[in-house]
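Each chain, written out:
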Amino acid sequence: MLLANTLRSSTFRLALIAIAIFGLIVAAIMAYVYFGTLAYVRSRVGDVGDHSGFVAMLELAMIAVAVLLVVLSGVAAVLVTRRTVGRIEEINATSRAIMLSGLDRRIPLRGSHDEWDRVAENLNQMLDRIETLMGEVKQVSDNVAHDLRTPLTRMRGRLEKAYHAPRNDEADAALIGDTIGDLDAVLGMFASITRISEIETRARRSAFRPLNLAEIAGEVVELYDAAAEQVATRLSLTGDREVAVTGDRDLLFDAIANLVDNAIKHGRPGGKVTVTCRDAADGAMIAIADDGPGIPADQRDRVFKRFYRLEQSRYTPGNGLGLSLVAAVARLHGAEVALQDNAPGLAVQLSFPPLRSGIQLA
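Please read all numbers here as calculations on a predicted model, not as lab measurements.

**Q** Got a minute to help me understand the side chain of D291 in this structure?
**A** On the secondary structure map, D291 appears in the loop between β5 (283-290) and α8 (322-332). A distance of 2.8 Å separates polar atoms of two side chains, one belonging to D291 and the other to R268. A polar side-chain atom of D291 sits 3.3 Å from the main-chain amide nitrogen of K272. When neighbours within four sequence positions are excluded, D291 is seen to be in contact with R268, G271, K272, P344 and G345.

Below you can see the structure in the form of C-alpha cells.
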C-alpha cells in the first residue's frame, strides 16, 4: 500500500523529473568523454591498427555506468519518496482519526529530530492549544448557562407571580425595579465578556500613551476608600510617587480597581489592603496585598479563567470575570501577573516591561 502510494505521489514524480534532468546532464558529460577519448586516441596513434576492441570496451563501460546511475537514482528516488510519503501518511492518518474521534490523538514522533519530527511537534502543540481552547470554550459556555439561570429564573418567577396577582402600584414598582436590577447584572456580564474579548484582540492599543501608574493607583484608592471603611478595612497607597508606564489609562484603571475591589471583598473584615507602586530599572511594578484567607497555591492559575470562582466566593456578588479582565489587560500591556502568598493573605503583582528612554509622563 505504501509502495503504491509512493509511486503515485507527486513527490515521486518530481524526483523522476529531477533524475531525468540529472540523467541528461550525465549523458552529455559521458558523450563528451566518449567522443573526446576517441579523438584523443586517434590523435595519438592515428588510423593505424584496429580500434574496434577499444571502442567496444569503452562503449560497454559507458553503458554499465549509465545503467548503474539509472538504478541507483531510481532506488534513491523510491527510498526518499517512500520516507516522505510515509511521514505524510502518518499525519494524514492522525488527521482523519481526529476528525472521526476527537482531539485526543497526536502525530507519532520517530525521535530522529529531523524536519519531519519538528513539523509533527509543532502540529501536536497546535492540537494541544486547540484542545485547551475548546475546553475553555465549553467551560465558559457551561458557566454562562449556570450564571444566567439564577437571575432569569428569579425574573420569571416574579413576573409569573405578578401576572396572577391583583395590580398594586407599589408592588409593581418593586417588581420592575428588581427585574431591572437582574437585567442590569446579566447585561453587565455580557459587557464584561465583550470587553475582555476586545482587549484580547488588541483593539485598544491605539489609546496607549505615557502614564503615571502611581497617579492611577491613587485615584483607585480614593474611589474605594468609602467601600473599605464600610467593612473597617484600612486601604493605603505606598511606594514611589512617579511610576512611568505606557498604556491605556482606562484599562489600567479598571484592572487596578478590580484587584482592589477583590482585596476588599475577599480580604479579612477589619484588616488592611495595601497598594504599592515601584519604579525600577527592570520596569514598573504595582502590587495589591491583603491579609485575608488568600488563594490556595493549586488554584492560583485557574482564577484567571473566565467565570472561575473559589468555593468560598460563590455566595458573594460577582461573576468571576474580574481577574480574567486583569489578565487580559496585563497581556495587552506586556505585563506579567503573579499571585504570591502574603502570609497571611494574597498579594497580586503586575510587573511592566521597562520603558524606552526619552518618554515623558502625561
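**Q** I tried to follow the sheet that holds strand β6 (residues 336-341) on my own but got confused; where do I start?
**A** Spatially, five strands are ordered β2-β4-β5-β7-β6 in an open sheet, and the strand pairing comes out mixed. Among the strands making up the open sheet, the edge pair consists of β2 (234-239) and β6. With strand direction ignored, the average angle separating the axes of adjacent strands in the sheet is 15°. Where β6 meets strand β7 (residues 346-351), six bridges bridge the pair, whose relative direction is antiparallel. Bridge assignment links E336 to a residue of β7, and that residue is S351. In the packing of helix α6 (residues 213-230) onto the sheet, the strands contacted are β2, β4 (272-280) and β5, and the crossing angle to β2 comes to about 170°.

**Q** Would you explain the packing of helix α7 (residues 249-266) against α8 in this entry?
**A** In a packed pair of helices, the relevant descriptors are the angle between the two axes and the axis-to-axis distance. Where α7 contacts α8, the two axes come as close as 9 Å, and the packing angle between them is 145°. Judged by the sense of rotation from one axis to the other, the crossing of α7 with α8 is left-handed. Between α7 and α8, the residues in contact are L251, L252, D254, A255, N258, L259 and N262 and G322, L323, L325, V326, V329 and L332, respectively. Considering only residue class, the contact of α7 with α8 consists of nine nonpolar, three polar and one charged.

**Q** Would you mind showing me how to read α7 here?
**A** At 3.6 residues per turn, the α-helix brings residues three or four places apart onto the same side. Counted at 1.5 Å a residue, the expected span for α7 with its 18 residues is 26 Å, and the 26 Å between its end C-alpha atoms agrees. Regarding α7, the residues found buried are L251, L252, A255, I256, A257, L259, V260, A263 and I264. Two or three places before D250, at the start of α7, stands the capping residue D248, its side-chain oxygen 3.0 Å from that residue's backbone nitrogen.

**Q** Teacher, can you tell me more about the side chain of D248 here?
**A** Of note, D248 is situated in the loop between β3 (244-247) and α7. Overall, the relative accessible area of 2% leaves D248 in the buried class. Separated by 3.0 Å, the side chain of D248 and the backbone nitrogen of D250 make a polar contact.

**Q** Looking at this model, I keep getting lost on the nonpolar core. Mind explaining?
**A** Note on soluble globular proteins: their nonpolar side chains tend to be buried together. With 41 residues, the main nonpolar core has L235, V260, I286 and F352 as its most contacted residues. When residues of this core are traced back to their parent elements, those giving at least two are α6, α7, β4, β5, α8 and β7. The greatest single-element share of this core, amounting to nine residues, is contributed by α7. Excluding residues that lie within four positions of it along the chain, V260 makes contacts with V220, Y224, L235, V275 and I288. Counting seven residues, the second-largest nonpolar core is a separate cluster that includes M30, L38, V55 and M62.

**Q** So what exactly am I meant to see when it comes to a nonpolar patch on the surface here?
**A** Residues L14, I17, I21, I25, I29, Y32 and V33 make up a contiguous nonpolar surface patch of roughly 750 Å² in combined accessible area. Of note, I21 is situated in helix α2 (residues 10-45). On the basis of relative accessibility, which here comes to 49%, the residue I21 falls in the partly exposed class.

**Q** Help me out: how do you make sense of the pattern of salt bridges in this one?
**A** If the charged atoms of two oppositely charged side chains come close together, the side chains can form a pair. Taken as a whole and judged by the stated rule, the model has six salt bridges. As a salt-bridge pair, E219 and R249 come within 2.5 Å of each other at their nearest N and O atoms. Placement of the pair is E219 in helix α6 and R249 in helix α7, with a sequence separation of 30 residues. The exposure class of R249 is partly exposed, given its relative accessible area of 21%. We note a salt bridge from R268 to D291, for which the minimum N-O separation is 2.8 Å. On the criterion of sequence distance, the pair formed by R268 in the loop between α7 and β4 and D291 in the loop between β5 and α8 is long-range, its members being 23 residues apart. Judged by its relative accessible area of 41%, R268 is partly exposed.

**Q** Could you clarify how one ought to interpret the packing of α6 against α7 in this entry?
**A** For the pair α6 and α7, the least separation of the axes is 9 Å and the interaxial angle reads 40°. When the axis of α6 is compared with that of α7, the two are oblique. Note on packing geometry: the crossing formed by α6 with α7 is right-handed. Listed contacts from α7 to L213, E215, I216, A217, E219, V220, L223, Y224, A227 and A228 of α6 are R249, L252, F253, I256, A257, V260, D261 and I264. Among the residues forming the contact of α6 with α7, the class breakdown is 14 nonpolar, no polar and four charged.

The rules behind the values
Residues numbered from 1 in each chain as written. Predicted model: local features only at pLDDT ≥ 70, side-chain atom pairs only at ≥ 80, totals over all residues. Heavy atoms only, no water. Helix = DSSP H or I, 4+ residues; strand = E, 2+ residues; numbered from the N terminus. Polar contact = N/O pair within 3.5 Å; in protein donor to acceptor, adjacent residues only side chain to side chain. Contact = heavy atoms within 4.5 Å. Pairing = 2+ DSSP bridges. Axes fitted to C-alpha atoms, helices over the stretch in contact; angles between N-to-C directions. Left-handed = near helix turned anticlockwise from the far one by under 90°. Nonpolar A, V, L, I, M, F, W, Y, C, P; charged D, E, K, R; others polar. Expected span 1.5 Å × (residues − 1). Buried < 20%, exposed > 50% of the residue type's maximum accessible area, 1.4 Å probe, protein only. Core = buried A, V, L, I, M, F, W, Y, C linked by side-chain atoms within 4.5 Å. Patch = residues over 30% accessible without salt bridge, like charges linked within 9 Å, V, L, I, M, F, W, Y side chains within 5 Å. Areas by Shrake-Rupley, 256 points an atom, 1.4 Å probe, with all protein chains shown as cover. Salt bridge = Lys/Arg side-chain N within 4 Å of Asp/Glu carboxyl O. Parallel < 35°, antiparallel > 145°, perpendicular 65-115°, else oblique.

Shape descriptors only; they carry no functional weight alone.
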